[in-house]
Amino acid sequence: MTIQENQIKQTIARIWDVSSETYDSNEGHGIKSEAEREAWKKVFKNLLPPGRLKVLDVGCGTCEIGLLFAEMGHHVTGLDLSKKMLAKAREKASRRGFDSVFKKGDAEAPPFKAGSFDVVVNRHLLWTLPHPDTAVQNWKKVLVEGGKLIVIDGVWNDGSIETNARRLVSDFCTLLVERRNPRKGNYSKEIDSELPNRHGVSPEKMLEYFRAAGFKNIKDIDLKDIMDLQRENMPFRKRIAYSYKYHLIYGEK
C-alpha cells in the first residue's frame, strides 16, 4: 500500500468513526422491522448449506448484517477499519449474547489465513473500496473450498435527471425537518477520485469482479422486495429518494 493509499484509508476510517453514531438510524442501514429481518434471513438461508458456519462480515460496520448470521446460529467474525464502528458492533453482539469476534483491519486484504471461513459477506462496502477487484480476489483466498461469497451493493446515483431531482427534494426536506445538512460527512472529491465505483456498483460490474476472481455458480438476486419493506418505515422525505438498483451477488469458490 502506498503512503497516499494509506492516508486515504485513514481518512475513510475517520469518516466512518463519525458516522458510527448515527449509522443504524440511517435508511437502509439499520434493520427497522421484523419483516425486513426475516426477509434478509430467508435470502441467506436459501444460499447456505446446513450446519454452523464460520462467517466473515468484512467491512462490517456495526455488524447489522453479520449479526443476522449469528441469529441463525453461525459463528461470526467482523472486520472493519473504523474503531468506533467495531465498538458499536461489539456492544450489539454482547447485548444479544453472541460470541462474535471483532478485529480492526483492511477489508481489501483481510488478515486471516487461507481457508479460514465458510462464508464471506459484506453489505454497502464494495463501492467504498479503491481496489474492489483485488478485494474480491482476497475474499476468495480466505474461503474454504466450496465457500460462499455474498456481496450486497447498489447504484446509489445513476446520474439521471429524475434521480438528481428526487435527491434534491429529499435533501431539502431533511434540511427543513431535521435542521441538518444530509450531505455532511460525504466523501471529499479527493477520496471520490480514488474510488472506481463512487456512485455505487452495478450488478453487471459486481458479476465482472466475481468472474474475474474465478467464482462458480454465480447468482444475481434482485433485492427490490427488501427495499420495499425498508420504504414502509421511512418518512416521505427519505422514501422519495430511496429508489436504487439494489442487488446481492453470490458465488462459490
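Summarised in this report is the structure supplied together with it. (Residues numbered from 1 in each chain as written. Predicted model: local features only at pLDDT ≥ 70, side-chain atom pairs only at ≥ 80, totals over all residues. Heavy atoms only, no water.)

## Some details on the overall build of the protein
- Across its full length, the protein carries ten helices and seven strands.
- When the backbone C-alpha atoms are referred to their principal axes, the protein occupies close to 50 × 45 × 35 Å.
- Classification of the 253 residues of the protein by burial places 50% in the buried group.
- In the protein, of all internal contacts separated by at least 6 residues, the share reaching a separation of at least 24 is 75%.
- For the protein, the accessible surface area stands at approximately 12,500 Å², while carbon and sulfur atoms represent 51% of it. (Helix = DSSP H or I, 4+ residues; strand = E, 2+ residues; numbered from the N terminus. Buried < 20%, exposed > 50% of the residue type's maximum accessible area, 1.4 Å probe, protein only. Contact = heavy atoms within 4.5 Å. Areas by Shrake-Rupley, 256 points an atom, 1.4 Å probe, with all protein chains shown as cover.)

## Topic: the side chain of S33
- Locating S33 in the fold gives a position in the loop between helix 1 (3-19) and helix 2 (34-45).
- A distance of 3.0 Å separates a polar atom in the side chain of S33 from the backbone nitrogen of E36. (Polar contact = N/O pair within 3.5 Å; in protein donor to acceptor, adjacent residues only side chain to side chain.)

## Section: the nonpolar core
- Counting 66 residues, the largest nonpolar core has W40, F44, F69, W139 and I150 as its most contacted members.
- Those residues in contact with W40 that sit more than four places away from it in its chain are I31, I65, L68, R123, I152, L223, I226, Q230 and Y246. (Core = buried A, V, L, I, M, F, W, Y, C linked by side-chain atoms within 4.5 Å.)

## Quick notes on the environment of S33
- Taking the relative accessible area as the measure of exposure, S33 reaches 19% and is therefore buried.
- Sequence-wise, S33 and L229 are 196 residues apart; in three dimensions their C-alpha atoms are separated by 8.2 Å.

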